[in-house]
Amino acid sequence: MRKREVVLLILSVALLSSTLYFVWENTQIKVKKEALQQAFTDYKKSVQKEKAQALQRDKETALQAKKAEREKQILALKEKVETTFTHVQQLEQKYKNKKEKKWIILEVLNQSGLYVKNYSGDSLGDVHVSYLKDGLRAIPLEEIQKVRRRKEGYIKVQDAKSAQVQYLYVKDIPSEHLFIGASLILR
């Protein structure tokens, strides 16, 4: 009987040690599984964060490009007025002793697409300007003040109800007591 007990004891120890081994392996598998799940969750969060940052960078780049385009359009507005002003000065020199000088200049200004006003704010050409509504602002008076005080400059008009912005650029023609201007509406 002793042999039998020894064999049973050996089998019991073997069974107990194999059970402990499988329990320990199962615990290790669970720990590794949780570590992998945590690593995967961290990876997903980092990828989402990188995507959000990339999207934010793209938005900022698009916004900067749009801003640069607006600035380019606003500068083109000034260049158009400056070019026409230079042409007007050349005409003034060419026709300085002619009675029709003012009418020749007005005709050239009409063909350039710029609006022409006198110091009273009256339009003198075929090109008229309309302004966006910006509360109670008197834009024609601002134009007159701008050309009388500074000889030229920008005026920004923000529409009260929409996101539209209008830029005006005005420049004085002192010899004729007129000023010219151009308008640009940005959405």
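Residues numbered from 1 in each chain as written. Predicted model: local features only at pLDDT ≥ 70, side-chain atom pairs only at ≥ 80, totals over all residues. Heavy atoms only, no water.

**Re the packing of aromatic side chains**
Two aromatic rings, taken as a pair, are described by how far apart their centres are and by the angle between their planes.
Here comes step 1: Applying the stated criterion across every chain yields a total of two aromatic pairs.
Here comes step 2: Seen from their ring centres, Tyr21 and Phe22 are 5.8 Å apart, and the 65 degrees between their planes marks the pair as edge-to-face.
Here comes step 3: Under the relative-accessibility criterion, Tyr21 is labelled partly exposed at 47%.
Here comes step 4: Using a relative accessible area of 58% as the deciding quantity, one classes Phe22 as exposed.
Here comes step 5: Relative to Tyr169, the ring of Tyr154 has its centre 4.8 Å away and its plane inclined at 65 degrees; by these criteria the two rings are edge-to-face. (Phe/Tyr/Trp six-rings, centres within 6.5 Å; stacked < 30°, edge-to-face > 60°. Buried < 20%, exposed > 50% of the residue type's maximum accessible area, 1.4 Å probe, protein only.)

**Points about the environment of Ile139**
Here comes step 1: Looking at the element boundaries, Ile139 is found in helix H3 (residues 139-150).
Here comes step 2: Sequence separation of Ile139 and Gly121 is 18 residues, and the distance between their C-alpha atoms is 9.9 Å.
Here comes step 3: Residue contacts for Ile139: discarding those within four places in its chain leaves Tyr131, Val157 and Leu168. (Helix = DSSP H or I, 4+ residues; strand = E, 2+ residues; numbered from the N terminus. Contact = heavy atoms within 4.5 Å.)

**What about the pattern of salt bridges?**
Here comes step 1: Under the criterion given, the structure shown has four salt bridges.
Here comes step 2: In this structure, the salt-bridge partner of Glu143 is Lys117, at a minimum N-O distance of 3.0 Å. Note that Glu143 is positioned in helix H3 and Lys117 in strand E1 (residues 115-118), a separation of 26 residues in sequence. By the burial criterion, Glu143 is buried, and Lys117 matches it.
Here comes step 3: Between Lys151 and Asp172 there is a salt bridge, with its nearest N and O atoms 3.8 Å apart. Taken together, the positions of Lys151 in the loop between H3 and strand E2 (152-158) and Asp172 in strand E3 (residues 165-173) put the pair 21 residues apart, joining distant regions of the chain.
Here comes step 4: Residue Lys151 is classed as partly exposed on the basis of its relative accessible area of 44%.
Here comes step 5: Residue class for Asp172 comes out buried when judged on its relative accessible area of 3%.
Here comes step 6: Linked by salt bridges that have partners in common, Glu82, Glu152 and Lys171 make up one network. (Salt bridge = Lys/Arg side-chain N within 4 Å of Asp/Glu carboxyl O.)

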